[in-house]
Amino acid sequence: MRIGLIGNPNVGKSLIFNELTGLGVEVSNYPGTTVDIFLGTICLGSDTIEITDIPGIYSIDGKSESEQFAREIILSNSIDIYISVLDATHLARNLYLFIELAEFRRPAIIVLNMTDELKKRGLSIDSKVLEEIIGVPVLYVSARTGMNINEIIPLAAKRAAIPDLQVPYEAHIEAGIRSLFSLFGIKREEALMALLELHPDPKVNELADPIRNEISNTFHMTLHQIIATNRHNFALTIAQKVEKQNEQKEKYDFNKYLTSPVSGFFFLILIIGGLLSFAFLVGSWIDRLLLYTFQYFVTPAFNSLQLTGIWNSIGLSVLLGLEAGFGVAFPFILTFYLLVSLIEDSGYLTRAAFLCDRALHRFGLHGIAVIPLVLGLGCNVPAIMGLRLLRTKKQKRIAALMILLTPCSGRTVVIAGLVAVFVGLIPALSIYCIIAIVILASAYLVNRLSSGSEYGMVLEMPPLRWPKLLDILSKTYNRLKEFLFIAIPALVVTSIILGILQYFNAFAWVEEYIGGFSMAVLGLPSFATTALLFAILRKEMAVEILAVLAGTPQISLVMSGKQIYLFALINALFIPCISSIAVLFKEVGAKYTLIFCGYVMVLGIVIGALFNLLL
Amino acid sequence: MQNTVTEEILEMILIRSQSGKTTSISELGPLHNGTPAGDNDIRQLALAKLIFFDSDSNLNLTDKGTELALQVLKKHQILLAFFSEILGLDDGAASNEACKLEHSVDDSGISRLRGIVSEQGILINNSCKSRLNLSECSEGSIIRILSIKEHGNDRLLHDLGFCPGEHIRIIRKLHNSSLIIEVKGCEIAISRDVARDVNVTEEK
Ligand SMILES: Nc1nc2c(ncn2[C@@H]2O[C@H](COP(=O)(O)OP(=O)(O)O)[C@@H](O)[C@H]2O)c(=O)[nH]1
Ligand SMILES: [Mg+2]
């Protein structure tokens, strides 16, 4: 049996999905996180049940990517039973989507989530009456407290029913539906699709053309506008029958300080700046702790083994790889992922989006772009995937380039782990300033050069929520997994290979080919430039390989302060990592991937050369 | 046309007082047809007992003045509805035409026009001059949606509950830019260019 979770963005579908399947799907407090489809299987008695987390949508009739996707799922009959997750605190708005689903006549149950917040607002919903009106079972749950979560699947499997609802449409529309049926035998739900020009068969849409034109001429409104209004009104009458306001509770609303013109920007700088410095500071403590552990415990232990020849070389390489991975990279990756998860879960990002909307209009973007840009500070890959939040191609392109230039945690590792540690905090921060200028200038340029439509932001702002520690930790762990189980082993292997090559003195050719260019143009020793090339695998590999090639994590012993600074600066631009190139390819196509990557590389070399001359 | 200017002045005072504002001579400013309100016109109005000055030297309508102003305003609304809804002129042009004709159209003409307009089932707004777009409204105001331009076939606004007849509240408006709107109990942030596509009317 196949069961699908369907609902508006941010109603708790992913959280429910996680609790049902035990899988780690990302839960976030802003609309539009689930962009890919997630599948999980569980057992109920002797049956296996496949559960799908359908991306959050506001309507099945919409034109966005996720809405089209959801429509295809529904039309293709690939799901047997729908679990319609509704945010109980906004019942009327949420019922709109359910009404659309009901019109497709699919078996469903209703899950009223967020019932814990319902009580806090002094509201109550009579689920029995709702059940009677709609004709499907209604279950009260709270994904946050875990209430009734275990009841969901048994209820869906046993008692799901086809909703018994019919929206009373405006008389002209009803007449249109009737005549489509009497003339061509088109059923009600298909007639509605045809009137909305959404029927998968274009011929059916064409049959409805005359009716559609006549109605929209009479009302000076599109059919979608009329139909949507009718559905909303119907949803409202249902909600009014079942909702009861028991007591008026005036909630203390901190939100207003976050969005007001003066204090809003103050908090924006405070929150982002505060969290960044926190990540830097805590990262460097952990960094020192781990390096200390290596220096005083692990290395002496290794030395006491007294290996010789090539084995000593290999052993040292493993040690160096681990030291570079854990000692240098891990602390900052950890703190950055924690930080990004925290911002994401609180719902603050949508406030930041609102505040930055105006400024981003100058670059052809709008506020929503803040969300992928902030995510880009953690890792560019999910950030580029988050570009789907933007609706026009042009906006996607501009934001894609901005993200590609955004220093991800990998690049931060190099900046924090090298420049902040060996050169100083101010130089480290100056790299961020340079990058910020580069990002803004590039966005301005692309905006000027590319054509395409622009349309502003429409973004739901979910209530601010205190993130749950467990959610944040599990999310951080999920994101760290890749680093721990793929990147670190890869690094150790690379380190061993490099160690062996060095043992046989195989790097002479590098010296020959890269050495001259490297020293003359970038002012870097050849092994540093080689390390920069390794960043294509993962950006923080640059510093790890640098340590491996230099033979010590104490980089200041082999490079001058200026060289370290240039190294971090060039690495912040230069080659994007292979994973981000891959997702970029998927999101903006081959042509722009090529242009953007080329641009970033040239920029890296030019800026590196420039600063080499200037400093 | 002396008549035009004086009628415009009466109408303006009426509209301002309907939205709770007082009117001093300097606030009369240029009228719709561009001519400034002269002292002469105001003196004339006062002599005809259509307006009087209160203690703050603001202009006020007498009962007779109010009646006359209401007549002109009604004509304006009928003309506006005719131009925008039946002839399909855009809002600005329809309003300009209505402003020009409201002073010269005669009563039998206007009553026929009213017949045509209401036959078509078109609402004549009580106060059509309060028809605004969302970006012109101020923070905290509760407004009713009249219509929305469907932009680039984007259906999101309607799906979120921005429908004609819906009451919405402006929770936050940043200076000259983005707004946060409460619709159906949810908070939606929108850019100014989106707000411009939403026609609304302020509720009293
Ligand atoms: N108070 C409360 N918050 C919830 C509940 N369910 C989910 N949330 C929060 O709502 C936000 C959105 O959840 P998510 O699962 O990502 O929603 P999705 O977009 O529908 O997948 C997260 O911040 C959750 O912690 C609930 O039952 N009660
Ligand atoms: Mg989700």
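As shown above, the structure is provided for reference.
Parameters and conventions
Residues numbered from 1 in each chain as written. Chains lettered and ligands numbered in written order. Predicted model: local features only at pLDDT ≥ 70, side-chain atom pairs only at ≥ 80, totals over all residues. Heavy atoms only, no water. Phe/Tyr/Trp six-rings, centres within 6.5 Å; stacked < 30°, edge-to-face > 60°. Helix = DSSP H or I, 4+ residues; strand = E, 2+ residues; numbered from the N terminus. Salt bridge = Lys/Arg side-chain N within 4 Å of Asp/Glu carboxyl O. Buried < 20%, exposed > 50% of the residue type's maximum accessible area, 1.4 Å probe, protein only. Core = buried A, V, L, I, M, F, W, Y, C linked by side-chain atoms within 4.5 Å. Contact = heavy atoms within 4.5 Å. Near = heavy atom within 4 Å. Polar contact = N/O pair within 3.5 Å; in protein donor to acceptor, adjacent residues only side chain to side chain. Areas by Shrake-Rupley, 256 points an atom, 1.4 Å probe, with all protein chains shown as cover. Nonpolar A, V, L, I, M, F, W, Y, C, P; charged D, E, K, R; others polar.

J.: It is not clear to me how the packing of aromatic side chains should be interpreted in this structure. Could you clarify?
T.: Each aromatic ring pair is characterised by the separation of its centres together with the angle its planes make. Tallying each qualifying case throughout the model produces six aromatic pairs over all chains. Between the aromatic rings of A:Tyr592 and A:Phe596, the centroid separation amounts to 5.8 Å while the plane-to-plane angle is 55 degrees, which identifies the pairing as tilted. Linking A:Tyr592 with A:Phe596, this pair stays in helix α28 (residues 590-614), spanning four residues, or about one helical turn. For the ring pair B:Phe82 and B:Phe83, a centre distance of 5.6 Å and an interplane angle of 65 degrees mean the geometry is edge-to-face. The structure contains a cluster of three or more aromatic residues connected by ring pairs, namely A:Phe326, A:Phe330 and A:Phe483.

J.: Looking at this structure, how should I read the pattern of salt bridges?
T.: Oppositely charged side chains may form a pair once their charged atoms are brought near each other. Residue and element names in this part refer to chain A. Inspection of the entire model under this criterion finds 17 salt bridges over all chains. Between Arg231 and Asp61 there is a salt bridge whose closest N-O contact spans 2.6 Å. With Arg231 in helix α11 (residues 223-242) and Asp61 in the loop between β3 (47-53) and α2 (65-75), this pair connects stretches of sequence that are 170 residues apart. This pair shows no difference in class: Arg231 is buried, exactly as Asp61 is. The closest approach of N and O atoms between Arg121 and Glu117, which form a salt bridge, is 3.9 Å.

J.: Teacher, can you tell me more about the nonpolar core here?
T.: When a protein is soluble and globular, its nonpolar side chains tend to lie buried together. Residues and elements named next belong to chain A. Counting residues in hydrophobic clusters, the biggest one holds 117 residues, and the most contacted among them are Leu524 and Phe567. With 13 residues, helix α14 (residues 309-346) is the single largest residue contributor to this core. In this view, Leu524 contacts Ser518, Met519, Thr529, Leu532, Met559, Gln563, Leu566, Phe567 and Ile570; residues no more than four positions away in its chain are not counted. Core analysis: the next-biggest nonpolar cluster, separate from the first, contains 56 residues, Ile74, Ala108, Ile186 and Ile226 among them.

J.: I tried to follow the site of ligand 1 on my own but got confused; where do I start?
T.: All names here are of chain A. Around ligand 1 lies a shell of 20 residues, among which Asn10, Lys13, Ser14, Asp116 and Ala143 are the nearest. Gly12 has a polar backbone atom sitting 3.1 Å from an oxygen atom of ligand 1. Considering ligand 1 on its own, with 590 Å² of exposed area, one finds that the protein chains cover 98% of that surface. If you list the elements that add at least two residues to the shell around ligand 1, you get α1 (13-21) and α4 (115-120). Ranked by residues supplied to the shell around ligand 1, first place goes to α1 with three residues. Residues of the shell around ligand 1, tallied by class, amount to six nonpolar, eight polar and six charged.

J.: When you look at the side chain of A:Lys539 in this model, what are you seeing that I'm missing?
T.: Among the secondary structure elements, A:Lys539 is positioned in the loop between α24 (526-534) and α25 (541-550). Setting aside residues no more than four positions away along its own chain, A:Lys539 makes contact with A:Cys408, A:Gly410, A:Arg411, A:Val414, A:Asn571, A:Leu573, A:Phe574, A:Ile575, A:Pro576 and A:Cys577.

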